[in-house]
Amino acid sequence: MLGKAQETMDTYIDSPEKLKNLYKRVLIVVSLSQVFGGAGLAAGITVGALLAQQMLGTDAYAGVPSALFTLGSAGAAFIVGKLSQRYGRRTGLSTGFFVGGLGAIGVVIAAITNSVILLFASLFIYGAGTASNLQARYAGTDLANNKQRAKAISTTMMMTTFGAVAGPNLVEIMGKVALSMGVPSLAGPFILSATAFILAGLVLFIMLRPDPLEIAKMIEADRRENEYGNKTESFSEKAINKRGLTVGATVMVLTQIVMVAIMTMTPVHMKHHGHGLSEVGIVIGFHVGSMYLPSLVTGVLVDKIGRTAMSIASGVTLLCAGLLAAFAPSDSMVLLIVALSLLGLGWNFGLISGTAQIVDSTEPSTRAKTQGKIDVLVALAGASGGALSGMVVVNASYATLSLAGGLLSLILIPVVIWSRKA
């Protein structure tokens, strides 16, 4: 077994061309899984609150599903990261998707049996699919060099868009399918989620061979031996760049808080000022499109002009989004669309530049578990942003929330400037 592993390592160390081809294949496999993962995520999120509302008979707890799978996602991010570090991306990510699929099946059973307890427990487990979908963006970077990492991240994010757009558009169809099977219509999208998550897991489990993280660790071990010999302390100091981790994590956490807080309360703000559901859908549609569609261009820019510049661009863009949302006339659809589009774009800049910074600051021997811990913080940041946003609007106004979010994003600028003073 060890001989085969050594032979595999030698193959990729001795042949940069084979390593390059493996990197491209990994990117294709991960991107394919992201199409399914995006569909599974979006379909469930679209009707989660409506299903809870229907089963509970009240609006008071309609936000519980979002909170539950966000918390489930946070816990799963840590576990998926640990599994990936120990057993490879293939095992960690596919396990997360399979568990998320089981959670979606649990939601369907809960709807059939009208069990609220099972519904809430299943939504929590469903969050594992969300965590895997987010962490899959790291898998494409394991074999990428420093000038390819942001582009690799953005490629997988771009592929998520296809599933994320298809999922909500299949809600009505899946509702009819569910009714034909004797299942409540709102459980239909979770049938799609279960199928999509399990397919994403199967794609990774079957096709992600050899495992990119395992190959990266082998290459790292060989380089460590050649460069450092027995000087493990010197390598250990290089293995984790704590300043880089702090900056990358801060960028992602702040952008997540600002984006989720303003996005969460925008539909409520619009409905209070006479906008219909179709108009809300248009604004949120532009927002989601701006979160993912610019990814390929963003990845190129992050690799070309640097992580620091794009992190600053994220802060400035989010500031503009907050100011515009705060001061735009409430009846102006055009200005709200621009504001929410800028909000999505600023998040896109922050997530890709922050993720690239995290990858730059770790070595394969520690990378996956570190990434999992940071994604826990990002998930919790989103949950707190969503929860606090309602309190701010109730006690102040939507304009206050938007302005506060925009100003909070400016913290990114001194943080990234501090990172340059190493």
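A quick note: this is a predicted structure, and the numbers were derived from the prediction, not measured. (Residues numbered from 1 in each chain as written. Predicted model: local features only at pLDDT ≥ 70, side-chain atom pairs only at ≥ 80, totals over all residues. Heavy atoms only, no water.)

Undergrad: Hey, could you run me through the overall build of the chain in this one?
TA: Of regular secondary structure, the chain possesses 18 helices and zero strands. Over its C-alpha trace the chain gives a radius of gyration of 22 Å, about what one expects of a compact globule, namely 22 Å for 422 residues. Dimensions along the principal axes, computed over C-alpha positions, put the chain at roughly 65 × 50 × 30 Å. In the chain, buried positions account for 53% of the 422 residues. Expressed as a percentage of contacts within the chain between residues at least 6 apart in sequence, the contacts between residues at least 24 apart total 85%. Of the roughly 18,100 Å² that the chain leaves accessible, carbon and sulfur atoms contribute 67%. Charged side chains in the chain number 30 positive and 21 negative. The centres of these two groups are separated by 1 Å. (Helix = DSSP H or I, 4+ residues; strand = E, 2+ residues; numbered from the N terminus. Rg over C-alpha atoms; globule rule 2.2 N^0.38 Å. Buried < 20%, exposed > 50% of the residue type's maximum accessible area, 1.4 Å probe, protein only. Contact = heavy atoms within 4.5 Å. Areas by Shrake-Rupley, 256 points an atom, 1.4 Å probe, with all protein chains shown as cover. Lys, Arg positive; Asp, Glu negative; His and termini not counted. Charge placed at Lys NZ, Arg CZ, Asp CG, Glu CD.)

Undergrad: Please explain a positive patch on the surface as it appears in this structure.
TA: Taken together, the side chains of K82, R86, K369 and K373 present a region of like positive charge at the surface. When contributions to the positive patch are tallied by element, the ones reaching two or more residues are α3 (64–87) and α16 (364–395). Positionally, K82 belongs in helix α3. When its relative accessible area of 43% is taken as the criterion, K82 is described as partly exposed. (Patch = residues over 30% accessible without salt bridge, like charges linked within 9 Å, V, L, I, M, F, W, Y side chains within 5 Å. Salt bridge = Lys/Arg side-chain N within 4 Å of Asp/Glu carboxyl O.)

Undergrad: What's the story with unusual backbone geometry in this structure? I'm lost.
TA: Looking along the chain, the bond that leaves R209 and enters P210 is cis, with omega of -10°. Following the sequence through the fold, P210 ends up in the loop between α8 (188–207) and α9 (212–228). Positive phi is not limited to glycine here, since N114 has a value of about 55°. Checked against the element boundaries, N114 lands in the loop between α4 (89–113) and α5 (116–139).

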